Amino acid sequence: MSVAIALFTRDLRVHDNPVLHAACHAAREVVPLFVLDKAIVTGGSMSANRAVFLADALADLDSQLRDRNGCLVVRSGSVVNEVERIVADLGVEEIHLAGHGCEVRVHANTITVVEPAAITPSGGGSHFAVFTPYYRRWVAVDTRRLLVPPDRITVASIAAQPLPGPEQIRSGQRSPYLSPGGETAGRRILRDWLTGPIQQYEQAHDDLVADGTSRLSPYLHFGCVSPTEALRAADRSTPGGEAFIRQLAWRDFHHQVLAARPDTSTADYRTRHDRWRCDDAAARAWRDGRTGYPIVDAGMRQLRREGWMHNRARLITASFLTKTLYLDWRIGAQHFFDLLVDADVANNQLNWQWVAGTGTDTDTRPNRILNPLRQAQRYDPSGDYVRRYLPELQDVRGPAVHQPWKLDPSQRADLDYPDPIIDLRDGADHFRTARDKTGGEQ
Ligand code: FAD
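The sections below set out a description of the structure shown in this document.

**Looking at the layout of surface pockets**
Inference 1: Of the voids in this model, the largest pocket is the one considered here, and its volume is about 1,400 Å³.
Inference 2: As for the largest pocket, its lining consists of 45 residues, and the residues nearest its centre are Tyr201, Gln247, Trp250, Asn311 and Asn351.
Inference 3: Only helix 5 (131-140), helix 9 (217-221), helix 11 (239-260), helix 14 (311-324) and helix 16 (345-356) provide two or more residues apiece to the lining of the largest pocket.
Inference 4: Here the lining of the largest pocket gets 8 residues from one element, more than from any other, and that element is helix 11.
Inference 5: A class-by-class count of the residues in the lining of the largest pocket yields 19 nonpolar, 15 polar and 11 charged.
Inference 6: Taken together, 29 residues make up the lining of the second largest pocket; nearest its centre are Thr9, Val19, Arg105, Val106 and His107.
Inference 7: Among the elements of the structure, strand 1 (3-7), helix 1 (18-26), helix 4 (79-90) and helix 11 are those that each provide at least two residues to the lining of the second largest pocket.
Inference 8: Residues that form the lining of the second largest pocket fall into these classes: 19 nonpolar, 6 polar and 4 charged.

Laid out in structure tokens, this is it:
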């Protein structure tokens, strides 16, 4: 075969990339193509933070390809139109588009370890709605072998556009402390993670101060790191390795739910016939990290500052919005989507629904409520996480930072920090339905 297109989407890497690997093996010349799709760039699924990461990832991919004598061919427009144009110009034989007589090969196990629908419940049904039985089947799947990057790539002669900068992808206000995008950074983080911190993962993953999780989520989201490679590289025989692998399975779990139920990107997976409250001022205070509950506000400020939030803080802030303020999970999911670099329809919307009690796993504890004060005592006992993200509470020492309303009035008067927007001691209950009160607080 003379020419094939390797169309990059959410697999922005050269290592363990089935698409690039197959194209290079099948054809003499390859077009390593990325299309900046106008519909995606101008639609709701792009944000200023993700644009920065994407621009980094494309520049890094181009440099990885150049190291192998190739380059990244960037086009903008519609994916279908651009691919069709290249097919027609070069006589490409390996992407099948109507009317052009060439073949499209879709490569599985590129974005997830296990493809959605590759495993289904033995009792029938299109997908697993409960994680544990899914996980049992997931760990037993034989994963494919890892693919080495091609040594040398011969790129077909074709016009390409310059690599886009973040501003050409999406302008807007960005978080000041974003992680660098791209495969090189992702592989370095994975390597560092596996050679040390993963060993403490089981004990430290909920500790907000320790920040003891991998921070790989943006790299997995953009495919700068292969999930199969991350899985194979982790040592399952260690406690940290097993716990980390389980989290990778959660990622695939949500992908298989969304593939079977695409409506759950906006609709309840399992409706509870809730009537959410409308309260713009409360929603604004939550978004701005000004609820008066420091543990909630610190999480929301971390999101704004880094375009990323610790998983425990995601749980606390999401529970506060949906279970304490009783506001619709879609309000929270949208705000997370606007700022998270790892924002992903499957993982974001379905985790939000899990917390809100409308998602999978509702058989177990749909009514669980995370009490911010108890969560703060448990996961930020020193108060250092709060002080890291709330400069206005910098000078409040120790765990007292979690309850600024109890400070001496003179000290309190000096703080530019709001009173709680809701009184948890008794006020929170009036937003909850009778059914919620049976759920239990943690
Ligand atoms: P680690 O703890 O190191 O885990 C390793 C990897 O496993 C992660 O990078 C991620 O890919 C996967 N993972 C871990 N936990 C989960 C989970 N609960 N669900 C699915 N995958 C998981 N994750 C996203 O990738 N994108 C999102 O948009 C997203 N939105 C969320 C919204 C809410 C309300 C909640 C509660 C969780 C959300 N998560 C999301 C899941 C989780 O918080 C992040 O994946 C995790 O915090 C990323 O940090 P890490 O890479 O250090 O994770």
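And the narrative resumes.
**Describing the packing of helix 14 against helix 16**
Inference 1: Closest axis-to-axis distance for the helix 14/helix 16 pair is 9 Å, and the angle between their directions is 60°. Relative to helix 16, the element helix 14 lies oblique. Crossing handedness for the pair helix 14 and helix 16: right-handed. Each of Leu315, Ala318, Ser319, Leu321, Thr322 and Lys323 in helix 14 lies in contact with helix 16, whose residues at this interface are Trp352, Trp354, Val355 and Ala356.
Inference 2: Looking at the contact of helix 14 with helix 16 residue by residue, the class counts come to 7 nonpolar, 2 polar and 1 charged.

**Side note on the pattern of salt bridges**
Inference 1: This model, assessed by the stated rule, comprises 21 salt bridges.
Inference 2: Here Asp206 makes a salt bridge to Arg312, at a shortest N to O gap of 3.1 Å. Pair noted here: Asp206 is in the loop between helix 8 (201-204) and helix 9 and Arg312 is in helix 14, with a separation of 106 residues, a long-range link. Take Asp206 and Arg312: they sit in the same class, and that class is buried.
Inference 3: Here Asp263 makes a salt bridge to Arg261, at a shortest N to O gap of 2.9 Å.
Inference 4: On the basis of relative accessibility, which here comes to 35%, the residue Asp263 falls in the partly exposed class.
Inference 5: One continuous salt-bridge network, built from bridges that share partners, spans Arg290, Arg301, Glu392 and Asp416.

**Observations concerning the site of the ligand**
Inference 1: Around the ligand lies a shell of 28 residues, among which Tyr201, Thr213, Ser214, Arg215 and Asn311 are the nearest.
Inference 2: Separating an oxygen atom of the ligand from a backbone N or O atom of Asp344 is a distance of 3.2 Å.
Inference 3: The protein chains hide 97% of the 820 Å² of surface that the ligand would expose on its own.
Inference 4: Taken atom by atom, the bulk of the ligand overlaps the largest pocket.
Inference 5: Secondary-structure elements contributing two or more residues to the shell around the ligand are helix 9, helix 11, helix 14 and helix 16.

**Focus on the packing of helix 5 against helix 11**
Inference 1: At a minimum axis separation of 10 Å, helix 5 and helix 11 run at an interaxial angle of 110°. With respect to helix 11, the axis of helix 5 lies roughly perpendicular. Residues Phe131, Thr132, Tyr134, Tyr135 and Trp138 of helix 5 touch helix 11, and the partners they reach there are Glu242, Ile245, Arg246, Leu248, Ala249, Trp250, Asp252, Phe253 and Gln256.
Inference 2: Of the residues that constitute the contact of helix 5 with helix 11, the class distribution is 9 nonpolar, 2 polar and 3 charged.

**Structural notes on helix 12 (residues 280-288)**
Inference 1: Within helix 12, burial applies to Ala282, Ala283, Ala285 and Trp286. All buried residues of helix 12 project into a common sector of 160° when viewed along the axis, lining one side.
Inference 2: On its buried side, helix 12 packs onto helix 13 (294-306), helix 14, helix 15 (329-339) and helix 16.

**Quick notes on the pairing of strand 1**
Inference 1: Across the 5 residues that make up strand 1, a large majority, 4, are buried.
Inference 2: Relative to strand 2 (residues 29-37), strand 1 runs parallel, the two sharing 5 bridges. Note that in strand 2 the partner of Val3 across the bridge is Glu29.
Inference 3: Following the backbone out of strand 1, through helix 1 and into the adjacent parallel strand 2, one traces a crossover that is right-handed.

**A few points about the side chain of Ser319**
Inference 1: With respect to the helices and strands, Ser319 occurs in helix 14.
Inference 2: Beyond its immediate chain neighbours, meaning those up to four positions away, Ser319 contacts Thr324, Val355, Ile369 and Leu370.

Rules and cut-offs
- All chains use their own residue numbering, which begins from 1 and follows the written sequence.
- A pLDDT threshold of at least 70 governs which residues receive local features in this predicted model, and a stricter bar of 80 or more applies before side-chain atom pairs are shown or counted, although totals over entire chains, interfaces and linings include all residues.
- Side-chain figures throughout are based on the complete set of non-hydrogen atoms in the structure, without hydrogens or water.
- Space inside and on the surface of the protein is sampled on a 1 Å grid over the protein atoms alone, with a cavity defined as a set of points where a 1.4 Å probe fits but cannot get out and a pocket as an open set with protein on both sides within 12 Å along at least 5 of 7 lines; lining residues have an atom within 4 Å of a point.
- Grid points are joined across faces, edges and corners, and a volume is the space filled by probe spheres set on the points.
- The secondary structure listing takes helices from DSSP runs of H or I that are at least 4 residues long and strands from runs of E that are at least 2 residues long, numbered from the N terminus.
- All amino acids are sorted into three groups, where Ala, Val, Leu, Ile, Met, Phe, Trp, Tyr, Cys and Pro are nonpolar, Asp, Glu, Lys and Arg are charged, and the leftover types, Gly among them, are polar.
- Helix axes are fitted only over the stretch in contact, all axes being lines through C-alpha atoms; the angle between N-to-C directions runs from 0 to 180 degrees.
- Relative orientations are named as follows: roughly parallel for angles under 35 degrees, roughly antiparallel for angles over 145 degrees, roughly perpendicular for angles from 65 to 115 degrees, and oblique for any other angle.
- Definitions for this section: a left-handed crossing has its near helix turned counterclockwise from the far helix by less than a right angle. A right-handed crossing has that turn clockwise.
- Two residues qualify as a contact provided that any one of their heavy atoms is within 4.5 Å of a heavy atom in the partner residue.
- By salt bridge we mean one thing: a side-chain nitrogen of Lys or Arg within 4 Å of a carboxyl oxygen of Asp or Glu.
- Exposure classes here rest on a 1.4 Å probe applied to the protein chains alone. A residue is buried below 20% of its type maximum, exposed above 50%, and partly exposed in between.
- A single heavy atom is enough: if one lies within 4 Å of a molecule or strand, its residue is considered near that molecule or strand.
- Any N or O atom pair separated by 3.5 Å or less is treated as a polar contact, with the protein-specific requirement of one donor-capable and one acceptor-capable atom, and with residues adjacent in sequence counted only for side-chain atom pairs.
- Per-residue and other accessible areas follow the Shrake-Rupley method at a 1.4 Å probe size, with only the shown protein chains counted as cover for residues.
- In this description, a molecule resides in a pocket or cavity if more than half of its atoms sit within 2 Å of the grid points defining it.
- This arc is built from the directions going out from the helix axis to the C-beta atoms.
- Strands are treated as partners if at least two bridges between them are detected by DSSP.
- Crossovers are marked right-handed if the path from the first strand over the helix to the second runs clockwise, as seen with the strands pointing away from the viewer.

The values reported here are purely geometric and, on their own, carry no functional implication.
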